[in-house]
Each structure stands twice: as C-alpha cells, then as structure tokens.
Amino acid sequence: MKEYQITGMSCASCQAHVTKAVEQVAGVTSVNVSLLSNSMQVEGNADEKAVIAAVKDAGYGASLKGKQQSQQDPYEDRETPELLKRLKYSIGFLTVLMYFSMGHMLSLPVPSFLEHNPVGNGIIQMTLAMIVLMINRKFFVSGWKALRHGSSNMDTLVALGSGISFIYSFLVLLQMSGMEHEGAMAAVHSLYFETAAMIPSLITVGKTMESLSKGKTTSALRQLISLAPKTAVVLRDGQEVTVDADQLQVNDLFVVRAGESVAADGVIVQGSAGFDESSLTGESVPVDKQAGDSVMATSINTSGHVVVKAQKVGKDTGFSRIIELVAQASDSKAPIARIADRVSGIFVPSIILIATVVLAGWLTAGAPLENALTHAVTVLVVACPCALGLATPTAIMVGNGVAAKHGILFKNAEALENAGRMEICVMDKTGTITQGVMHVTDITAVSQKKELLTYAVSLEKKSSHPVGQAVAQYGQENGVSVMDGTDVTVENGRGIHARMDGHLIRGGNLSWIGELCRIDSDVKADIEEKSSQGKTPLLFMKDDALLGVIYVADVIREDSASAIERLKRMGIVTVMCSGDRKATAEAIGRQAGVDHVIAEMLPEDKQQVIDALGSQGVTAMVGDGINDAPSLVSAQIGIAIGAGTDVAIDSADIVLMNSRLSDIPALVHLSRKVLRNIHENLFWAFAYNALLIPVAAGVVAGIHMNPMFGAAAMSLSSFTVCMNALRLNRCRLYEEKKDMIRKQKSVDFSDIRRKHTMKKTVKIEGMMCGHCEMSVRKALEAIDGIEQAVVSAQKGTAECTMSKDVNADVIRKAIEDRDFTFVSID
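Rules used in this analysis
- Per chain, the residues get numbers from 1 upward, laid out in the order the sequence is written.
- In keeping with the predicted nature of the model, local features appear solely for residues at pLDDT of at least 70, side-chain atom pairs appear and are counted solely at 80 or more, and the whole-chain, interface and lining totals rest on all residues.
- For the side-chain quantities, the full set of heavy atoms in the structure was used; hydrogens and water were omitted.
- The criterion is simple. A nonpolar core is a set of buried Ala, Val, Leu, Ile, Met, Phe, Trp, Tyr and Cys residues joined through side-chain atoms within 4.5 Å.
- Residue exposure (1.4 Å probe, protein chains only): buried if accessible area is under 20% of the type maximum, exposed if over 50%, otherwise partly exposed.
- Comment: elements are numbered from the N terminus, with helices defined as DSSP H or I runs of at least four residues and strands as E runs of at least two.
- In what follows, residue pairs with any heavy atoms lying within 4.5 Å of each other are defined as contacts.
- Between Lys or Arg on one side and Asp or Glu on the other, a salt bridge is scored when a side-chain nitrogen of the former is within 4 Å of a carboxyl oxygen of the latter.
- Here the rule is simple: two strands pair whenever DSSP picks up at least two bridges between them.
- Under this scheme, a helix contributes an axis fitted over its contacting stretch, all axes are lines through C-alpha atoms, and angles between N-to-C directions fall in the 0 to 180 degree range.

Topic: the nonpolar core
Now for step 1: Core analysis: the largest hydrophobic core is formed by 80 residues, its most contacted members being Val22, Met40 and Val51.
Now for step 2: The element contributing the most residues to this core is helix H7 (residues 154-177), with eight residues.
Now for step 3: Residues in contact with valine 51, not counting those within four places in the same chain, are Tyr4, Val22, Val25, Val28, Met40, Val42 and Ala46.
Now for step 4: One finds Ala391, Ala403, Met422 and Ile637 within the second-largest nonpolar core, a separate group that totals 49 residues.

Here it is, written out as structure tokens:
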C-alpha cells in the first residue's frame, strides 16, 4: 500500500472525484481517500506517476508521502492559520461593506457625499465586495478547476451563489447609472453586493470552525506523536554523545537517565530502573527492569540509570508501529461511509440542477428575476456536502484516538465498526482467559507441609518442565529453603528424581508415583476433585512414602470473569475454544463464566468453528499464539492480545496492548458509541439538506430565505457534525452502567464440534505406566487422520480426535505392533 498527500479537496464531492479518478488507473485494486487528513491510500501495482497524474487531471494536487514525511506529524493543523487570516480580513472589509449597504437602515450616519448618490454608494459596495471576493478567491479557483475538469464540489456552489449575486448587482448598477435620480434611489435596494461578499465570508467562518474542531478530533494522535523522543545519548568510544533519535542505529548503546524517554526498542545491558510504559500500554504504574530485560521506545525512566542496546530503531520500533496502525485506521474508510460516498458523488450536480429548476419555476410563475435569482442562489449556498463527508471520518478519528489512549489499537475503520456489531466472542484459553503461566494453587501434605515444600522445591529447581518451574517459582516467592541434590534424573513423561540428604526424592504424575507407593483413598479423592477443576497434580515421595501433592494450574486472569460477564450483559455469546482436554477446559470455563466451552481443538478445528459460528452471527476471535493466527484471520473480527506473538498480532484486526480481557467489552462499548455517533451525524447531514433545500427554494409555507442566512446555515452544519463527534472524547470505556444492554442471540452449538472432528474411544489392555501411554500415543498419532490421542493407562483407553474416519484394522495393527492388546473402538 502506498500513501499520498492530496491538496485542494474541500468537501465530500472532492473526495469522491479523487477516488473515482484514481480507481480508473491501471493496476489500482483499491483506493481510500480521507478528507479529514487530506491523504490517500492506494493498493495495487499502479505506477506512482500515473496515480499522481490522475489526481492532477481531476483538478487536485498529489505527492507521494516519503518515509521522512510519514515520521513527522501528518495531522499538524496547517489549514486553520490560513483560514483565520482570511477570516480576519473578510470580516474587516465586510463590516465596512455592511455599513455602506445597510447603515442608513440602522440610522447610522452616512457621509454627506453619498446621501443622494446611489450610484456612488453602489460603486463603493462593489469595490468592497470585490476585495472580499479576492480574499476568498480560493472558492472561485477551486470551483472553476472542478468545472473545467467536468466535476463539481462545494466550492462550485459557493462560487456560483456568490458570483451570480455579484454579476446581477453589477448589471443593476450599470442600469442605475443611466436612470433618473428617483429610479436610481429605488434600484439601490436591488443591489446584492453585501450578499455576494457575505456568502464566502460566512462559509469561511464555518470552514474555520470546522477546521478547529477537526483539529481537536486528531488531538489524541498528535499527543501520541509528540511522545516520540527527539534525542538520544549514545555511547561512542566511551564518550556520551547526544544525537537525534532518528540517527540511532541497531546495536548502538545509549544511556537513559531518570526522567528521560527511551529512544528505541532495546535490551538493558547495564543498570536497573523503573519504567513508566503508559504511552504504550495505558498502565501508569512503573515496571521495574534490570539487565537482560527489554524496554520500549517512549517509555520513561522514573528512577535509576541504565545503558540500553538498541534493537529496533526509527519506524521499526513498537511505538512507531502503534502510530502507523492508528493513523491507517483513522484514514481508512468504514463500510457505513459508503452510503455518504454514493450520495456525495452526485450531490453537487443535483443541487445545481435543483437551483436551475427553481429559477425556471419562479420565472414561469411570473416572479421578478430578482426574486427568482434570490431563491436559486439560496439553494446553491444552503446545500452542504461537507456534513456528509465529515459524518463518518470525524467519529472514526476521535474513536481511534480514545481507543489508543487506552491501549486498544484498531488496524482499520472496518474493525472499529464491526466491533460494535459483535454477537459472538470466541476466546482462546491459554494466555487469553488464563495468564498462560503455571501457578501453584493448592498444597496437600501427608505429613509436614514444610518438609514437602523443601524437597519439592529443591527437586523441581532442576526441572525445565513448566509444571516443575511453577513449583520452583512458588518456593522462591515464599522463601522456601532448598538443598542440593545428586544423581538428578528426568523420566520423560513421568517426572524427576534425585538424592537429597541421603534420601531418594521423586516427583511426578499420578500414574508413575502410583506405581511406586501406596496412595490413600482420601488423597486419591482429593486428586480426582482437584483434577476436575483443571488442576494438575504433582505427587512427591521420599524413599517409599508419599510426602504429598502440589497442584498446579494456569489460573485465569484477574479481570477475565468480570469481562466475560460484561460481554454477556451486552448481548454477546461467549465461547471458550481450547486444545486442552475437556475436563480442564470446562473447569476453566466455569471459573470464567463463559456460555460455551469447546475443548480438545486443533488449530484447524478452531478455524472451522469460527467459520461455522460466523454463519450464525458477527463473530470475534481473541487469541495470542501462533496457533490462533488462522482463526484470527478467518473471524469477522480478529483480536490479538498484545503480549502474544507477532504472528497473532499481524493476523488480527484489533490489538490489545495491555493484554487485558476487560478491554474487549471496553472496545465494544466504544464501537457502539462511535456507530451511534455516525448515525447521528448522517441523520443530521441528510435531514439538514432535506429540510432546508425546500425552504431555500421558497416552496414551504411561503417562507423566503435570504441567501446570507442560507450561507450561515451551511457553515453551521459541518461545524455541528464535528462537534458531535468530539463528544466521543467523553466516552468512559470501563463504565458498565453506560453499556448498551442487548439480548443474546440464539446460537446452535449442537453440530459444530461434530462437523469438524470425530471423537472415538479405543479400549486397550496391557498398559502399565506413563511409558506405555507415550508408546501408544505415538503409535496412534502417527496414523493419518488421528490428530490427537489422549491415552490413560489407568482407564485402559485412548481418546482419539480424528479429522477423518480411520479404519479400525489400521488402529488395531498400530496398537498390536507395540505389543499391546486391542479390545474395541467406539
């Protein structure tokens, strides 16, 4: 995708003309033009020069955004200062013009040489009007360019309305010069020089107000961009040298002192400090980091002194990526905007046609030319295509800014729109609903808890298995004393053992420890109960006696249950999709409170489930791992946890930088507010034109609108749309009382699991231990069509998940080749 800067656009019609012109260029597959940021995104293999030429042929300017330019502030307000200057001079000369044209009506003193000199007064009015028109000549230049290229825009309407008023007044003034004094005094009231000057002046007032409010809609983005550090202190030949941040190179060493911002993504090689990462995550609590830890650009050193080795610099940093994502999303077009685009494409020609019909109609009805022109001019100036063009992008821009402040990144406007229509939310278990890290949850000691912990922690410090590491971490956090061991041996699939203090200490799964020592019935019952809750039992024994059981589980995130409950209140069906065994998945599902649990799923199964659910409603997929990437792409809304893999983040439509599940209902809440705001804006834009154009035409209850009031109304319409969008800045994403409560839709889950996988249980005799289980599992999973086999020596079964039907004889042979007895399959 290539980005271009566009100049000369003033309304939604301009946007439509540029889009239409570029769409006709060979090699262009899609075009997105943003009136708000005066930019264009083009996809395809079209030649850059051909694209620029097409824009210029349409009457506008275009240039390719360079890398250096894109790193600067693309939302800097360059338009408002120019408009304020124009407005200042326009109002000054217009005030003088109004004094000469209407001062006598307000009993203001008029120069004596003009008291009985209507032609002189008219010449002064004409001169002042010409000055105002010159100040606002941009309307005429842009309007003429559009007409010359066979199109039209808002400036065309303003130029026609103002120009017709001026030309008509000029012709009247010529007639006055040949009239008797009495006739000239009467004809002076037919001069509309003040109207000719008032129309562009009032439109400039409106454009200035619009520009100011548009500037506020991009304030969040400008604040983000302003956080980028400008300089860095680099270590070169042992000396500290201050350089521009964009001059940093990969592998440079740079110093970050307390109060300074990190200039690039990197790793700390010396020192320790606390870092405020609120610019990236929204979390203001500083995070303590030391040598070996990663730091991100724009995070602020709150205490300490560190030396950092740069790993990603410039546009490759995580912060630059955030800016790029937010900017692209803000400039992209939401599907809901298409209706406004279609109308904008034909709006101005339609208004010109209506004004022509109104002029002809009044003349046919016998009205004086002056009255007929007044109505036609009023129709021209009251119509407003800008409100239509700004209705969607202003709301999208503000919504993206609010989301970015809370660490929620929408990659495009379509994702922001779709999130509000979410009906089903499918969540991965590990790392999404849960923390993705094993923790000790329960400890059951047969004799002394201290003895159990001492041996267990000492033994598991030698293990690299996640379950063992959880026990070791628990010991470190709780100050458990440890002892050295010898003859450390890992039994794959079973556990670990070592000699400590003259004793043989073993730690492992139930099947292995159960073979080596007696386990009381009450301990077995406790193991069965805890296992049903999704906890993994780790048994420890000293010589021939059981010391106790330590239970480990991937616990759910603190905010998971409340987030899921909020989603359900918002009318969203919640589903947990996991590759874990059914008992574990259902236990986590109960804790989290999800509506449905689908367990023992392979990555391709998840994708098929997403497709099946997507046919029943707008479906979102939330995940964090590489295995979630296919599902994230398939879902109508892909949501990636920011702490997940780059593959998952790249595959998603929305990224949660804080890795909080509570951000999901928050983004739904925001999206619904944005959608409602867009609907309000579109309603206002359409209703305004539908109501005021007939009034301007003089066909409503005998009302005759002055062109100046029409211009004022036109100016206010765009301003109103922008101000309405700015209300979104007050949106409180985490206030549940303001949620839009909806009823959950009915979703049929009965067939989903069966459609995509088959589950068969194979009964086997001869298995005695964990080694037997592993042997059978490998034999079964080597068969084409068996994706997963959960083998239990205790039950004498193998639960097989199949992607297709597998002949029983094939399964029998695989089992018997491993010297076990095949009993049955069902």
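Next comes the rest of the description.
What to know about the side chain of threonine 432
Now for step 1: Considering the arrangement of structural elements, one finds threonine 432 in helix H17 (residues 429-433).
Now for step 2: With residues near it in sequence (within four places) discarded, threonine 432 still touches Met427, Arg557, Ser560, Val622, Gly623, Asp624, Ile641 and Leu661.

A short note on the pattern of salt bridges
Now for step 1: Here the structure, examined in full by the defined rule, presents 19 salt bridges.
Now for step 2: Glutamate 240 serves as the salt-bridge partner of arginine 257, at 2.3 Å between the closest nitrogen and oxygen. Pair noted here: arginine 257 is in the loop between strand S7 (253-256) and strand S8 (265-276) and glutamate 240 is in strand S6 (residues 239-244), with a separation of 17 residues, a long-range link.
Now for step 3: On the basis of relative accessibility, which here comes to 44%, the residue glutamate 240 falls in the partly exposed class.

Structural notes on the sheet that holds strand S19 (residues 545-556)
The strands that make up a sheet are held in pairs by hydrogen bonds between backbone atoms, and each pair lies either parallel or antiparallel.
Now for step 1: The antiparallel open sheet is built from six strands, whose spatial order is S14-S19-S18-S17-S16-S15. Only two strands of the sheet have a single partner each, and these edge strands are strand S14 (434-445) and strand S15 (486-491). Pairs of neighbouring strands in the sheet enclose a mean axial angle of 20°, with direction left out of account.
Now for step 2: In this structure, strand S16 (residues 495-500) lies alongside strand S17 (residues 503-508), joined through six bridges in antiparallel fashion. Opposite arginine 499, over in S17, you have leucine 504 as the bridge partner.

Observations regarding the sheet that holds strand S13 (residues 424-428)
Now for step 1: With respect to topology, seven strands assemble into an open sheet ordered S12-S24-S23-S22-S13-S20-S21, the strand pairing being mixed. Edge positions in the open sheet fall to strand S12 (408-410) and strand S21 (596-598), since each of these has one partner strand only. Here the average twist between neighbouring strands, direction ignored, is 20°.
Now for step 2: Pairing between S13 and strand S20 (residues 573-577): five bridges, direction parallel. The partner of cysteine 425 across the bridge, within S20, is threonine 574.
Now for step 3: Contacts from helix H27 (residues 663-697) reach S12, S13, strand S22 (619-623), strand S23 (637-641) and strand S24 (654-656) within the one sheet, and its direction differs from that of S12 by about 50°.

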